[in-house]
Amino acid sequence: MIQIDARLRAIAAFVPAGDVLADIGGDHAYLAAALVQEGRCPRAIVGDLSAGACLAARRTAVRHQCIDRIDVRQGDGLSVLLPGEADTVAIAGMGGALMAQILAAAPHILCTVGTLVLQPMNAADALRRWLYENDWHIADETLVRAGGRLYEVICVRQGCAAVPDEALLLIGAKLFAKHDPLLHAHIMAHIARLTRAAEGMGRSAAARQSTAYRAAVSRLAALRTLLALSCAFKRPYA
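Residues numbered from 1 in each chain as written. Predicted model: local features only at pLDDT ≥ 70, side-chain atom pairs only at ≥ 80, totals over all residues. Heavy atoms only, no water.

## Points about the sheet that holds strand E5 (residues 115–120)
So, point 1. Spatial ordering of the open sheet is given by E3-E2-E1-E4-E5-E7-E6, a layout of 7 strands whose pairing is mixed. One side of each edge strand has no neighbouring strand; the edge strands of this open sheet are strand E3 (70–74) and strand E6 (136–146). Within this sheet the neighbouring strands show an average axis-to-axis angle of 15°, counted without direction.
So, point 2. When E6 meets strand E7 (residues 149–158), the two strands line up antiparallel, connected through 10 bridges. Across the sheet, His137 pairs through a bridge with Arg157, a residue of E7. (Pairing = 2+ DSSP bridges. Helix = DSSP H or I, 4+ residues; strand = E, 2+ residues; numbered from the N terminus. Axes fitted to C-alpha atoms, helices over the stretch in contact; angles between N-to-C directions.)

## Some words on the side chain of His190
So, point 1. Tracing the sequence through the fold places His190 in helix H9 (residues 183–202).
So, point 2. For His190, the residues in contact, after removing those within four places along its chain, are Glu152, Leu170, Ile171 and Leu223. (Contact = heavy atoms within 4.5 Å.)

## Things to note about the packing of aromatic side chains
In this description, an aromatic ring pair is defined by two values, namely the gap between the centres and the angle between the planes.
So, point 1. Here the structure, examined in full by the defined rule, presents 0 aromatic pairs.
So, point 2. The aromatic ring of Tyr151 is capped on one face by Arg7, whose charged end is 5.7 Å from the ring centroid. (Phe/Tyr/Trp six-rings, centres within 6.5 Å; stacked < 30°, edge-to-face > 60°. Lys NZ or Arg CZ within 6 Å of the ring centre and 35° of its normal.)

## Re helix H3 (residues 51–63)
So, point 1. Helix length check: H3, at 13 residues, gives a terminal C-alpha distance of 18 Å against a target of 18 Å (1.5 Å per residue), a fit within 8%.
So, point 2. Among the residues of H3, those classed as buried are Ala53, Cys54, Ala56, Ala57, Thr60 and Ala61. The buried residues of H3 occupy an angular sector of 160° when projected down its axis, which confines them to one face. Residues of H3 that are exposed and point over 90 degrees away from its buried face: Arg59, Val62 and Arg63.
So, point 3. If you follow the buried residues of H3, they end up packed against helix H2 (30–37), strand E2 (44–48) and E3.
So, point 4. The distance from a side-chain oxygen at the start of H3 to the backbone nitrogen of Gly52 is 3.2 Å, and the residue carrying that oxygen is Ser50. (Expected span 1.5 Å × (residues − 1). Buried < 20%, exposed > 50% of the residue type's maximum accessible area, 1.4 Å probe, protein only. Arc of directions from axis to C-beta. Polar contact = N/O pair within 3.5 Å; in protein donor to acceptor, adjacent residues only side chain to side chain.)

## What to know about the nonpolar core
A general trend in soluble globular proteins is that nonpolar side chains are found buried together.
So, point 1. In this structure, Ile11, Leu21, Leu31 and Ile70 are the most contacted members of the largest nonpolar core, which totals 34 residues.
So, point 2. For this core, the secondary structure elements donating two or more residues are helix H1 (6–13), H2, E2, H3, E3, strand E4 (88–94), E6 and E7.
So, point 3. Tallying contributions element by element places H2 first for this core, with 6 residues.
So, point 4. Once residues within four sequence positions are removed from consideration, Leu31 is found in contact with Leu8, Ile11, Ala12, Leu21, Asp23 and Ala90.
So, point 5. If you look at the next biggest cluster of nonpolar residues, it comprises 29 residues, including Ile24, Met99, Leu103 and Val113. (Core = buried A, V, L, I, M, F, W, Y, C linked by side-chain atoms within 4.5 Å.)

## Overview of the pairing of E4
So, point 1. Counting buried positions along E4 yields 6 of 7 residues, so the element is predominantly enclosed.
So, point 2. Summarising the sheet, strand E1 (residues 21–24) and E4 pair through 4 bridges and their orientation is parallel. Paired with Leu21 across the bridge in E4 is Thr88.
So, point 3. As defined by bridge partners, E4 adjoins E5 across 6 bridges and the pair is classed as parallel. Its bridge partner being in E5, Ala90 is matched across the sheet by Val117.

Any functional reading would require information beyond the geometric quantities listed.
In C-alpha cells:
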C-alpha cells in the first residue's frame, strides 16, 4: 500500500468516497494511487503540464498496480478533462492566484464538478475571494503540518455564500469558526509576514503614504484581533 504524507492525507480526507478524482498538477500521482488503492475512488485522472511528471505518474501507477484505474494525461490545467469526467478536482502545491486562473479558464468543466479540494501554497485569500465570487462556497478547511511547514487544505462545493471580510479571507473563515488546533500558529505566521512587510515599507516616508502600507497596517490590526479571539477560545471556563 502506498504511503502518503500528512499533507496528502489531509487532501485525501476531503475527497468524497465513490467519486472519480482528477488531480491537476498531480506530479507523481501519489494522491491518486493512494485513493484508488484503498477503494475510496474507483478511478482517477492525473493531469500535468510536464512530460517528466506524467512519466513519473505512470511509473507510480504501474508500481502500485493501479495503471488500469489511473489515466495520466499531459496538458495545461483542466484542459485534460472533458465535461462530466470527474466528480472531484484536486489542485495542490501551487499558488492561490494560479489556481484561480486555472479554474477560471474552464467554466465548462467546473459546472460538472461537485467538489474542489485545493491546497494553495500562497495567496489563499485571493483564491477564496475568487471562489466566493464565482458561485462556490467553502464547505470545510483544515490546517496540517508536514515537513516542518503549515499547509491550508480547502474543501469547496458549488453554491453561493457571503464573502467574508479581508482578515477571514486570509485566515479562512471555516478554520476560525471551528477553532482549528493549528489556528493560533496560522494567524501568528501571517502576522509575522505582514509585520515584516509593513516594517520594510515603514522605513520610507513615501511608502508610508501608500495604499499598500495602509492596507498592511489595517490588516495587521484585524489579524491581531482574530489572534486575541483565538486565544480566548483556548481559555478554560472560570
